[in-house]
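Structural description and commentary
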Amino acid sequence: MAYLDNLAVFVRVVELGNLSAAGRDMRISPAVASNRIKELEKHLGVRLFNRTTRQLMPTEHGRVFYKGAKQVLEAITEAEAAVSALSGQPRGTIRVTAPLGLGRRLIASGIPEFHDKYPDIEVRLRLSDHNVDIMKEGIDVGFRLGLLEDSSLRMRGIMECERVLVAAPAYLERRGEPKQPQELIDKRHDCLLLRYPGMREFYWTLSTSRGAVKFEVRGPFDSDDGDVLTGWALAGRGIINKPRFEVEPFIRDGRLQVLLPDTPPVPIQLAAVYPHKNLQDPKVRLLLDFMAERCQRLIRETLAGR
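All residue numbers refer to positions counted from 1 along the written sequence of the respective chain. Whole-chain, interface and lining totals are the exception, using all residues; otherwise, since this is a predicted model, local features are given only for residues with pLDDT of at least 70 and side-chain atom pairs are given and counted only at 80 or more. Neither water nor hydrogens contribute to the side-chain values; these are computed over all heavy atoms in the structure.

**A word on the sheet that holds strand β7 (residues 163-167)**
Two strands pair if DSSP finds at least two bridges between them. A run of H or I in DSSP becomes a helix once it reaches four residues, and a run of E becomes a strand once it reaches two; helices and strands are each numbered from the N terminus. Within the open sheet, the three strands sit side by side as β12-β7-β13. Their pairing is antiparallel. The open sheet has two edge strands, β12 (240-243) and β13 (257-259), and neither has a second partner. Looking at each pair of strands side by side, their axes are set apart by 50 degrees on average, direction ignored. Looking at chain direction, β7 and β12 are connected through four bridges and run antiparallel. Bridge pairing in β12 links Val-166 to Ile-240. Seen against the sheet, helix α10 (residues 244-252) touches β7, β12 and β13 and runs at an angle of roughly 110 degrees to β12. In this analysis an axis means a line fitted to C-alpha atoms, helices contributing only their contacting stretch, and an angle means the value between N-to-C directions, from 0 to 180 degrees. In this analysis, two residues are considered to be in contact whenever any of their non-hydrogen atoms come within 4.5 Å of each other.

Okay, structure coming up:
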């Protein structure tokens, strides 16, 4: 098992780029991770990484060994999954990612309950509004709001979510309420955008009589955290485009007001994405089923005011 542990650490160091990140991911110290890499290098008689001040880059030997080590670990995972399916006792670790707002509201709060039902399954959750590379970072399941861009992944649709444009009464008193979508641009409304490195959308797509139309809106500031945008909107600093379930409590109590109800943003798909091979893993299927039902139920309850 020690050799397999060394392989697992090596693979995560390659995928994450440094010892500290790999150590955190595997719940070991950087020193332990470093020792495991040194043991592998001693066993193989070659250097696996070129070390810089910030990052470990695999050598040619390291790149070749990574492919084989990855295949070995995947084969073991598949074998364990097959045994779990036969025994009816799924076990192991699932790495999950989700956007911050969605993750906090719907995913994170359900993980303890999921673990209560399946105590032999560990869940490691990573919340980020950045576009996490699921294949590169070894993620088993990613929950997303939006389109699937990576064709190497499979998608399970959970539900279509209504989106709304909203702003605080204080903002509308100061800047006026837009009556037509074009006014967002012509009157230079402060549209607060979610932006992060690698993001492709810098516009809002609204449903109009001409169909879905893109509006290249602008704002004085933006953020890579969707909840920060909501906070700014509540403070009267601009207009945001959000899934309705995220802002429904603020709409209900009057702190945010729906704008342009006749030309709303196009709905957004809530979905789970995962590598194709993971569909055969019983613990992944169990998590998908559990979270899909839970997300649907909680969103409907939020929109109904419960």
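**Observations regarding the pattern of salt bridges**
If the charged atoms of two oppositely charged side chains come close together, the side chains can form a pair. Counted as salt bridges are all cases of a side-chain nitrogen of Lys or Arg within 4 Å of a carboxyl oxygen of Asp or Glu. In the structure shown here, the tally under the stated rule is 19 salt bridges. Put simply, Asp-227 and Arg-104 hold a salt bridge, and the shortest N to O gap is 2.7 Å. On the criterion of sequence distance, the pair formed by Asp-227 in helix α9 (residues 226-234) and Arg-104 in helix α5 (residues 100-107) is long-range, its members being 123 residues apart. The class of Asp-227 is partly exposed, set by a relative accessible area of 21%. Type-normalised accessible area, obtained with a 1.4 Å probe on protein chains alone, sets the label of each residue: buried when under 20%, exposed when over 50%, and partly exposed for intermediate values. On the basis of relative accessible area, Arg-104 is assigned to the partly exposed category, the value being 43%. Across the pair Lys-283 and Asp-281 runs a salt bridge, and its minimum N-O distance is 2.7 Å. Under the relative-accessibility criterion, Lys-283 is labelled buried at 8%. For Asp-281, a relative accessible area of 8% translates into the label buried.

**Thoughts on the pairing of β7**
For β7, the buried fraction is high: five of the five residues fall into the buried class. Going residue by residue along β7, you find Arg-163, Leu-165 and Ala-167 tucked away on one face and Val-164 and Val-166 tucked away on the opposite face as well. In the sheet, β7 pairs with β13 via three bridges, with the strands oriented antiparallel. Pairing of Ala-167 across the sheet is with Gln-257, part of β13.

**A closer look at the nonpolar core**
Put simply, a nonpolar core is a bunch of buried Ala, Val, Leu, Ile, Met, Phe, Trp, Tyr and Cys residues held in one set by side-chain atoms that sit within 4.5 Å of each other. Grouped together as the largest cluster of nonpolar side chains are 29 residues, with contacts concentrated most on Leu-106, Ile-107, Val-141, Phe-143, Ile-158 and Leu-270. When contributions to this core are tallied by element, the ones reaching two or more residues are β3 (92-98), α5, α6 (111-117), β4 (121-127), β5 (141-145), β6 (153-161), β14 (268-275) and α11 (282-303). Among the elements that take part in this core, α11 stands out by supplying nine residues, more than any other. Sequence-distant contacts of Phe-143, defined by excluding residues within four places in its chain, comprise Val-96, Thr-97, Ala-98, Pro-99, Leu-102, Ile-107, Ile-158, Ala-271, Ala-272 and Met-291. Counting residues in each nonpolar core, the second largest holds 18 residues, with Leu-7, Ala-8, Ile-37 and Phe-65 among its members.

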